[in-house]
Amino acid sequence: MEEFIYGGDYNPDQWLDEPQVLEDDIRMMKKAHINEVSLGIFSWALLEPEEGRFEFDWLADIIHKLYENGIYTILATPSGARPRWLAKKYPEVLRTYEDGKKAKFGGRHNHCLTSPAYREKVRIIDAKLAECFKDDPAVIGWHISNEFSGECYCSHCQDEFRKFLKRKFGSIEKLNHEWWTTFWSHTYTSFDEIEPPSSIGENETNGLIIDWRRFATYACTDFIKNEIEAIRSAGAKQPVTTNMMYEFGGYDYAEFAKVIDTMSWDSYPEWGIAESDGKAALEHGLYHDMMRSFKDKPFLLMESCPSGTNWQSVSRLKRPGLLKLAGIHAVSHGADSVQYFQIRQGRGSSEKFHGAVIDHTGRDDTRVFKEVTETGALLKEIAEIKGAVGDAKVAIINDTQNKWALENSQGPRNCNEGYYETVHKIYEALKINAVDVDVIEESHSFDGYKILIAPMLYSLHDGAEKRIREFVENGGILISTYLCGVVNENDLCYMGDIPYDMTDVLGVRTEEIDALCDGMKNSLLPVEGASMRLQETDCEKMCELISLKGAECLMTYGSDFYKGSPALTVNQFGKGKAYYIASEPDREFYVGFLGRIIKEAGVVKLMESLPEECDIASRVKGGKRYVFIENFGREDKEVKLPEVADMLYGDTSSKLPATDAKIYSIKA
Ligand code: GAL
């Protein structure tokens, strides 16, 4: 499709006895410029009402009626929720919880991911669907299941976990060593003895906890692969995706990225609930960037809410303009679609009050419908941007496995290690400096970046330390913070000097780590005559005591018994430089510090500096850079546009109205 995909989850299966509804919906969708629907996500009971009896005619009929009206389908596999007959006949498909309790039928997203019976039943229906729709021009993609989540603790999953560990470690001795099980006499004598982490069993061994999460990721990725193979072996060639969630952390999405064609995710910011809409936008901007960075390709915004989100603590309405602005925001960070949950509001059950394009009134003159229509019209106007990619020169590592390791590190701060907060704070400071940012995992390539920021890179995996070394050696600028290179991927501490294998790159060695209680502060003071003069700042959370191994000290601690000792350093290494920040300075410090580094690295800013509550991002295509500026605040802002900007949306004046945006292109 040349245009942006515009549409969302549509559940006409809930209205099969009212054919007029489909007619009305098609008329209204066309009016709103909707060109896509995601169909069949939870339709298994209708598609296979009893085992082996498939009824796809109703679906084909709907797909073709939509197509005749210019609306394409992204067809789901129905594995997100199963029909009652399936659970009854094959109870092993139901999940077993951590406490050993077996789930009853009900809910969704709660099947056993390794169950051979479930996989087989899913494979059969997926293949049947693919046989039916593989050559159908109306079907432009496959939506595998829905928002995978969670783990199952049944005996089959446990067996699979043991096999997974055996493949990983090879021998029980190696596992015992890596998990450090001599501690408390927890040594295993065979793989058969291993159980998943449990609140009434083994719950302290971080290696086990992290590997259980890796296993859950593996089991889910393998489940996805099983679905993709079913579709592909039936001859379907359309691209596949699965819709992910934000700050979910249950699985390592980098593994999903390896098996699906397009990343997609469901974005539900807490508009009107979070501290400010600017903050909510910033947070979701980071997730958009993350989704784009996984594959360095445009992603799909698979779901977003047109109005109040009924599962949030309160269902705030989107104030006028916000619906369009949120769509522009996703596109600005690399989305090639704007999709909603849901096109039509259901009449009953738990999502009847969830925002929808078409609400219970069935009218096309509601405030929400009008905004959906305006947004659709805008997306058509800016269709040339579709397919444009990011070309960020700055990347921040936000690594899922590192997060897992930190969550159960048991010290230095158990109240809150604050990985998430630190990553978000640095990201915010980068955005205030108006640069594009890739948000990457440790395993992502570092090539092509000028600045690499590695906050709290506690756990190293995928040879990150070697690739960081090469990055700096070849001229990159690294900014690393405290808690760097402490443990390996199994949470086993590195012996000797840390940051592991990077003391020469950073020119420092960590000696001790002082954790501060919430509210406690120290400060960072600039060193007289240092090559870079920085602003004094407060710091909190953790203060690492470091000694210099060749680095220049730029700042020292202002108080406590380590007053005067190094706290922020820089080291020349190869053609590049490596900064080390031994504590947690505040956001304003990061804004100034990163501003200096951005300048030094010659990274082009999209604007001198970004007003509060605003976001800026760009995408490039065909020699053009498309720049998007959005104002999520309640007041107009002043922005300075380049003189040569070709406006695609908004005017050339310096006024950026509240809850509005400007989109323009410049030469890339
Ligand atoms: C998503 C889910 C959808 C719907 C939506 C409501 O998490 O994928 O099926 O439940 O939330 O916001």
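Residues numbered from 1 in each chain as written. Predicted model: local features only at pLDDT ≥ 70, side-chain atom pairs only at ≥ 80, totals over all residues. Heavy atoms only, no water.

**Describing a nonpolar patch on the surface**
Reasoning step 1: Taken together, the side chains of Trp180, Phe183 and Trp184 make up a nonpolar region of the molecular surface, amounting to roughly 420 Å² of accessible area.
Reasoning step 2: With respect to the element layout, tryptophan 184 can be found in the loop between helix H7 (172-179) and helix H8 (206-233).
Reasoning step 3: We classify tryptophan 184 as exposed; its relative accessible area is 53%. (Patch = residues over 30% accessible without salt bridge, like charges linked within 9 Å, V, L, I, M, F, W, Y side chains within 5 Å. Areas by Shrake-Rupley, 256 points an atom, 1.4 Å probe, with all protein chains shown as cover. Salt bridge = Lys/Arg side-chain N within 4 Å of Asp/Glu carboxyl O. Helix = DSSP H or I, 4+ residues; strand = E, 2+ residues; numbered from the N terminus. Buried < 20%, exposed > 50% of the residue type's maximum accessible area, 1.4 Å probe, protein only.)

**Some words on the environment of arginine 634**
Reasoning step 1: Examined against the element boundaries, arginine 634 turns out to sit in the loop between strand S21 (624-631) and strand S22 (637-638).
Reasoning step 2: Classification of arginine 634 as exposed rests on a relative accessible area of 60%.
Reasoning step 3: It is 15 Å that separates the C-alpha atoms of arginine 634 and leucine 317, two residues lying 317 residues apart in sequence.

**Description of the domain arrangement of the chain**
How big an interface is tends to be stated in terms of the accessible area lost upon association of its parts.
Reasoning step 1: Annotation of the chain at the domain level lists domain 1 (5-154 + 213-385), domain 2 (394-601) and domain 3 (614-667).
Reasoning step 2: Of note, the centres of domain 2 and domain 3, computed from C-alpha atoms alone, are 32 Å apart. (Domains from an automatic or database assignment.)

**As for the packing of helix H14 (residues 419-432) against helix H17 (residues 587-601)**
Reasoning step 1: Where H14 contacts H17, the axes come no closer than 8 Å and their chain directions differ by 55 degrees. Between H14 and H17, the interaxial angle falls into the category oblique. Seen along the crossing, H14 lies across H17 with a hand that is right-handed. Every residue of H17 that contacts H14 at Lys425, Ile426, Glu428, Ala429, Leu430 and Ile432 is listed here: Arg587, Tyr590, Val591, Leu594 and Ile598.
Reasoning step 2: Across the contact of H14 with H17, the residue classes break down as eight nonpolar, no polar and three charged. (Axes fitted to C-alpha atoms, helices over the stretch in contact; angles between N-to-C directions. Parallel < 35°, antiparallel > 145°, perpendicular 65-115°, else oblique. Left-handed = near helix turned anticlockwise from the far one by under 90°. Contact = heavy atoms within 4.5 Å. Nonpolar A, V, L, I, M, F, W, Y, C, P; charged D, E, K, R; others polar.)

**Comments concerning the site of the ligand**
Reasoning step 1: In the vicinity of the ligand, the contacting residues are Phe42, Arg108, Asn146, Glu147, Asp266, Tyr268, Glu303, Trp311, Phe341, Glu351 and His354.
Reasoning step 2: With respect to the ligand, the side chain of arginine 108 contributes an N or O atom lying 2.8 Å from an oxygen atom.
Reasoning step 3: Separating an oxygen atom of the ligand from a side-chain N or O atom of glutamate 147 is a distance of 2.4 Å.
Reasoning step 4: Relative to its free-state accessible area of 310 Å², the ligand is covered by the protein chains to the extent of 95%.
Reasoning step 5: When the residues that make up the shell around the ligand are grouped by side-chain class, the tally is four nonpolar, two polar and five charged. (Near = heavy atom within 4 Å. Polar contact = N/O pair within 3.5 Å; in protein donor to acceptor, adjacent residues only side chain to side chain.)

**Looking at the side chain of glutamate 371**
Reasoning step 1: Secondary-structure assignment places glutamate 371 in helix H12 (residues 367-381).
Reasoning step 2: Classification of glutamate 371 by relative accessible area gives buried; the value is 10%.
Reasoning step 3: Discounting residues that sit within four places of it in the chain, glutamate 371 has contacts with Arg319, Pro320, Gly321, Leu322, Leu323 and Lys324.

**Re the pattern of salt bridges**
Should their charged atoms come close, side chains of opposite charge can pair.
Reasoning step 1: Inspection of the entire model under this criterion finds 53 salt bridges.
Reasoning step 2: Note that lysine 662 and aspartate 651 form a salt bridge whose closest N and O atoms lie 2.8 Å from each other. With lysine 662 in strand S25 (residues 660-667) and aspartate 651 in the loop between strand S23 (646-649) and strand S24 (655-656), this pair connects stretches of sequence that are eleven residues apart.
Reasoning step 3: Of the residues examined, lysine 662 reaches a relative accessible area of 1% and is grouped as buried.
Reasoning step 4: In this structure, a network of salt bridges that share partners links the residues Lys279, Glu428, Arg587, Glu588 and Glu612.

**Describing the packing of aromatic side chains**
Reasoning step 1: Tallying each qualifying case throughout the model produces 28 aromatic pairs.
Reasoning step 2: With a centroid separation of 5.6 Å and an interplanar angle of 75 degrees, the aromatic rings of tyrosine 6 and tyrosine 340 are classed as edge-to-face. With tyrosine 6 in strand S1 (residues 5-9) and tyrosine 340 in strand S8 (residues 337-341), this residue pair connects regions lying 334 residues apart in the sequence. Tyrosine 340 carries the same exposure label as tyrosine 6, and that label is buried. (Phe/Tyr/Trp six-rings, centres within 6.5 Å; stacked < 30°, edge-to-face > 60°.)

**Observations concerning the sheet that holds strand S20 (residues 614-621)**
Reasoning step 1: On the basis of which strands lie adjacent, the open sheet formed by four strands has the order S20-S21-S25-S23 and antiparallel pairing. Every other strand in the sheet has two partners, leaving S20 and S23 as the edge strands with one partner each. Averaged over all pairs of adjacent strands, the angle between strand axes in this sheet comes to 25 degrees, irrespective of strand direction.
Reasoning step 2: By the bridge criterion, three bridges tie S23 to S25 in an arrangement that is antiparallel. Within the sheet, the bridge partner assigned to aspartate 646 lies in S25 and is serine 665. (Pairing = 2+ DSSP bridges.)

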